[in-house]
Structures are given as C-alpha cells and as structure tokens.
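# Commentary on secondary and tertiary structure
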Amino acid sequence: MRAAFMYGAGDVRVETVPDPILNQPTDAIVRIVRACVCGSDLHPFHDMPAGAVGTPMGHEFLGVVEEVGSEVRTLAPGDFVIAPFAWSDGTCDFCREGLQTSCRHGGFWAGNGIGGGQAEAIRVPQADGTLVKIPAGVDAALYPSLLTLSDVYGTGYHAAVRGRVTARTTVTVIGDGAVGLMAVLSARQLGAERIILMGRHTSRTDLGREFGATDVVAARGEEGIALVRELTGGDGTHVVLEAVGHLPAYEQAVGVVRAGGVISRVGVPQYEQAPVGFGSLFGPNVTLTGGPAPVRAYIDRLLPGVLDGSVQPGKVFDRTVSLSETPEGYRLMDSREALKVLIAP
Ligand SMILES: [Zn+2]
C-alpha cells in the first residue's frame, strides 16, 4: 500500500510499504476512505530534525473494516467506521470516565508500530473500543463532516465542555484554524450567545460567523486584548477557548479572560513555561484547563447532528487532494492557502 511519511521539516513523502496485518486478537484492519492533514501535523513540518527513517503521518480517518482479530466483538468486515485520533480499549476506568486519551491500554496513531491515517490502510488496535460504526449507505457528501469527528470537531467541543460554556457564559475563541472554528460551533451548540472570534483570515472568520461567532477581532497581542476588553465592558469573557498552541495565544487568553473565568486550551502547547502567577491566573481566580480531547467520548453525542445535516462542520475542508498529493496538502496548509485539506486516497 501507499502511505505518507515525514522525514524532516518540510519533507513529506508518499511511499509504498507492506500492507498492515493483524497483530493482536483485538486489532482490526481498516481500508481508509478519507483522511486529512491536521494543524498539529504542521508543528513537525516546521521543526522535525531530518532523519533517515520516515515517521508515518496522519491521525484522522474514515474507513471500511477489512479484517478483524479473533477477539473483536462489535465490528465485522464491511463496517464503515470513524476513528478518533487516539485509540482506546473502551473498558478501563479512564475510558469509563470519558477520558479515552488516558486509556490504560490506549495510544496514538503514527507511533510505536502503529501506522498513520495518511495511508491506504491501517492496523487499528483495541478496535472494539476505538472505532465507531456509521450507518451503512451514508451519503458521501457527509464524509467531510463525519471526518471532523476524528479530531477537530471533538477537539473544539472538548474545549467548550472543559471551559464550562453555557447559555450564561460569554466566550472568546483564539485562533481561526479548523479547531478554533469548531470551538465556535461547539460553544454555540452549548448555548453561548456572545462569541468573540480572534482571527486574522477573513475567509475563515466569515465561516466562524456562520458557525456562531458574534464578533470578530483581527488584531493580536495587546491591541487584540484591548479590543476584546472594549467589547465586554472592560471585563473580558467568562470563557476563553485557546486553539493555537503558541505562547502569544496563551498570553492573549490571559489578557481577555474575565475574573473568575476559565481558559480552556486545546491547541497543542509549543511551550513549557508560561505565566501562572498572581498577575495572570492567581489574582483573578482564573481556572486553566484543557488537553488532548477524548474525542471518542463525544462522537456518540455529535454524530446525530452530522448525520441529519443540522450541523456542517465539514465546511472547514476547503481543498481535497489524492494520497499521492499529500505533500502538496501540507504545503497548502502551511502557506495558509488551505484551511484544512481532505485526502481522498
Ligand atoms: Zn481505556
């Protein structure tokens, strides 16, 4: 089969490798129908040291089950499935608590002998716990929206859940990438009526308005903070959903959060040190939360709205490439020519 590998910053190659085979009785082999490039794939695309061995890439996919191990109970060849960006057994205490990203027998794609989603096929560990079956015969026009349940929609939703968004909270979303826009959509779904989106790309913030943003602030840093404060009577918003991951975005979050409020981060932090002292979090009693989203926990809740078309998170995909064009997909996202790139193998 063909699969994408990263050999270093800016160096993504599609190569022919052996087909994946069952390894554990709890595995399934899935033929990939749709995959995509994630904003978080751009971090190694910028700074991964060059190496002789390629790293498999991709952690979002829809596919068809081809083969199951002897202990797989809930899936059969031919089933159409969504894969969350982390695999999990579905039975341990963390999974039962809805924190599948901390599963005692779980892990992440594209490492430790597990392939990536930017490929023609993949071995899925803990298939019963990981994969979510979609009704057979679903319209292919829904594939992009279904694919967002692998990561970005569940991640935006997790940000809003962790931020404790309700009808009574005002919200700022930092970042107009796919996750930021999904955070807007999710905050709206959880009832927020005032949602300020901080982003600079008009085509993206326009989609953000469609998803529920009531205000857009294009400025960043101190200027952006001042504008959000101005929009909120000087106070800032109850909730800040940070969907970027760089330190300036965190500092912006600290700058626009209301006293007693919550900063919920889902952008993968590219820093280890940040202000948490009296002047930032402690003085105003601000809660800092967030982390990798247990998207598996949200798929059952979010799937019906996708299937009936009442939400269309798939609008974040604005380009489609073939698997062999995956390197071009990275380039398009990196240059901001594309918001999110769909891969149709
Ligand atoms: Zn588990």
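Each remark here, short or long, concerns the structure printed above.
Computed from a predicted structure; not experimentally measured.

Turning to the overall build of the protein, a few remarks are in order. When its secondary structure is counted, the protein shows 12 helices and 18 strands. Computed over its C-alpha atoms, the radius of gyration of the protein comes to 20 Å, within 12% of the 20 Å expected for a compact globule of 345 residues. Dimensions of the protein, computed from C-alpha atoms along their principal axes, come out at roughly 60 × 40 × 35 Å. When burial is assessed residue by residue, the protein has 54% of its 345 residues classed as buried. As displayed, the protein has an accessible area near 14,300 Å², and 50% of this comes from carbon and sulfur atoms. Between the mean site of the 28 positive side-chain charges and the mean site of the 37 negative ones, the protein shows a separation of 4 Å.

Axes are the key here: two packed helices are described by the angle between their axes and the distance separating the axes. Helix α11 (residues 295-307) packs onto helix α5 (residues 152-162) with a crossing angle of 105 degrees between their chain directions and a minimal axis gap of 9 Å. Regarding the angle of α5 to α11, the classification is roughly perpendicular. From α5, Y153, G154, T155, Y157, H158 and V161 reach across to α11, where they touch V295, Y298, R301, L302 and V306.

Here the zinc ion is held by the protein donor atoms D89 (OD), C92 (SG), C95 (SG) and C103 (SG), which lie 2.1 to 2.3 Å from it. If you look at the zinc ion, its 4 donor atoms make angles of 93 to 121 degrees with each other, and the shape they trace is tetrahedral. Sequence positions of the donors to the zinc ion reduce to the motif D-x2-C-x2-C-x7-C. Within this pair, whereas D89 is found in the loop between β7 (86-87) and α2 (93-96), its partner C103 is found in the loop between α2 and β8 (107-108), the two being separated by 14 residues in sequence. Per residue, the accessibility class of D89 equals that of C103, and both read buried.

What follows deals with empty space enclosed by the protein. Taken as a whole and judged by the stated rule, the model has 1 cavity of 30 Å³ or more. Taken as a whole, the largest cavity encloses approximately 40 Å³ of empty space. The wall of the largest cavity is formed by P84, F85, A86, S88, Q100, T101, A293, P294, V295 and R296.

The subject of this paragraph is the pairing of strand β9 (residues 121-124). Judged by which residues are buried, β9 turns out to be covered on both faces: A121 and R123 on one side and I122 and V124 on the other are all buried. With 4 bridges connecting them, strand β3 (residues 28-36) and β9 associate as antiparallel partners. Each residue of the ladder has a partner; that of V30, found in β9, is I122.

Let us now look at the nonpolar core. Grouped together as the largest cluster of nonpolar side chains are 49 residues, with contacts concentrated most on L146, L149, V171, L241 and V316. No other element matches the 8 residues that helix α6 (residues 178-189) contributes to this core. Within the second largest apolar cluster, 39 residues are counted, among which are V30, L75, W87 and I343.

For the rest of this paragraph, the subject is the layout of surface pockets. One way to see where empty space is left: roll a probe the size of a water molecule over the atoms. Computed from the structure, the second largest pocket encloses a volume of approximately 240 Å³. Around the second largest pocket, the lining is made up of 18 residues, and of these M1, P18, P20, I114 and G115 lie nearest the centre. Of the residues forming the lining of the second largest pocket, the biggest block, 3 residues, is contributed by β9. In the lining of the second largest pocket, the residues fall into 12 nonpolar, 4 polar and 2 charged.

Another point: α11. Relative to the 18 Å expected for 13 residues at 1.5 Å per residue, α11 spans 17 Å between its end C-alpha atoms, a close match to the ideal helical length. Bending of α11 peaks at approximately 45 degrees at the position of R301, with proline P304 no more than four residues after it. Every buried residue belonging to α11 is among V295, R296, Y298, I299, L302, L303, G305 and V306, and all of these are buried. Residues of α11 that are buried make contact with β6 (80-83), α3 (127-130), β10 (132-134), α4 (143-148), α5 and α6. One or two positions beyond α11, positive phi appears at G309, with a value near 80 degrees.

This part takes up the pattern of salt bridges. Going through the model one piece at a time under the given rule, you end up with 12 salt bridges. For R123, the salt bridge identified is with D27, shortest N-O distance 2.7 Å. Here R123 is found in strand β9, whereas its partner D27 is found in the loop between β2 (11-16) and β3, with 96 residues between them in sequence. By relative accessible area, which is 14% here, R123 ends up buried. D27 sits in the buried class, given a relative accessible area of 1%. Each of the salt bridges in this network shares a partner with another, and the network as a whole consists of E328, R331 and E337.

It is at 9 Å that the axes of helix α8 (residues 221-231) and helix α9 (residues 247-256) come closest, and there the two elements cross at 30 degrees. The orientation of α8 relative to α9 falls into the category roughly parallel. Classified by chirality, the crossing of α9 by α8 is right-handed. Contact residues: G221, I225, V228 and R229 in α8; E251, Q252, V254, G255 and V256 in α9. The residue inventory of the contact of α8 with α9, partitioned by class, reads 4 nonpolar, 3 polar and 2 charged.

About the criteria used
- Residues numbered from 1 in each chain as written.
- Predicted model: local features only at pLDDT ≥ 70, side-chain atom pairs only at ≥ 80, totals over all residues.
- Heavy atoms only, no water.
- Helix = DSSP H or I, 4+ residues; strand = E, 2+ residues; numbered from the N terminus.
- Rg over C-alpha atoms; globule rule 2.2 N^0.38 Å.
- Buried < 20%, exposed > 50% of the residue type's maximum accessible area, 1.4 Å probe, protein only.
- Areas by Shrake-Rupley, 256 points an atom, 1.4 Å probe, with all protein chains shown as cover.
- Lys, Arg positive; Asp, Glu negative; His and termini not counted.
- Charge placed at Lys NZ, Arg CZ, Asp CG, Glu CD.
- Axes fitted to C-alpha atoms, helices over the stretch in contact; angles between N-to-C directions.
- Parallel < 35°, antiparallel > 145°, perpendicular 65-115°, else oblique.
- Contact = heavy atoms within 4.5 Å.
- Donors = N, O, S within 2.8 Å, 3.2 Å for Na, K, Ca; no water.
- Tetrahedral: all angles 85-135°; square planar, octahedral: opposite > 155°, others 65-115°.
- 1 Å grid on protein atoms, 1.4 Å probe; cavity = no way out; pocket = protein on both sides within 12 Å on 5 of 7 lines; lining within 4 Å.
- Points joined across faces, edges and corners; volume = space filled by probe spheres on them.
- Pairing = 2+ DSSP bridges.
- Core = buried A, V, L, I, M, F, W, Y, C linked by side-chain atoms within 4.5 Å.
- Nonpolar A, V, L, I, M, F, W, Y, C, P; charged D, E, K, R; others polar.
- Expected span 1.5 Å × (residues − 1).
- Bend = angle between axes of the 7 residues up to and from the residue.
- Salt bridge = Lys/Arg side-chain N within 4 Å of Asp/Glu carboxyl O.
- Left-handed = near helix turned anticlockwise from the far one by under 90°.

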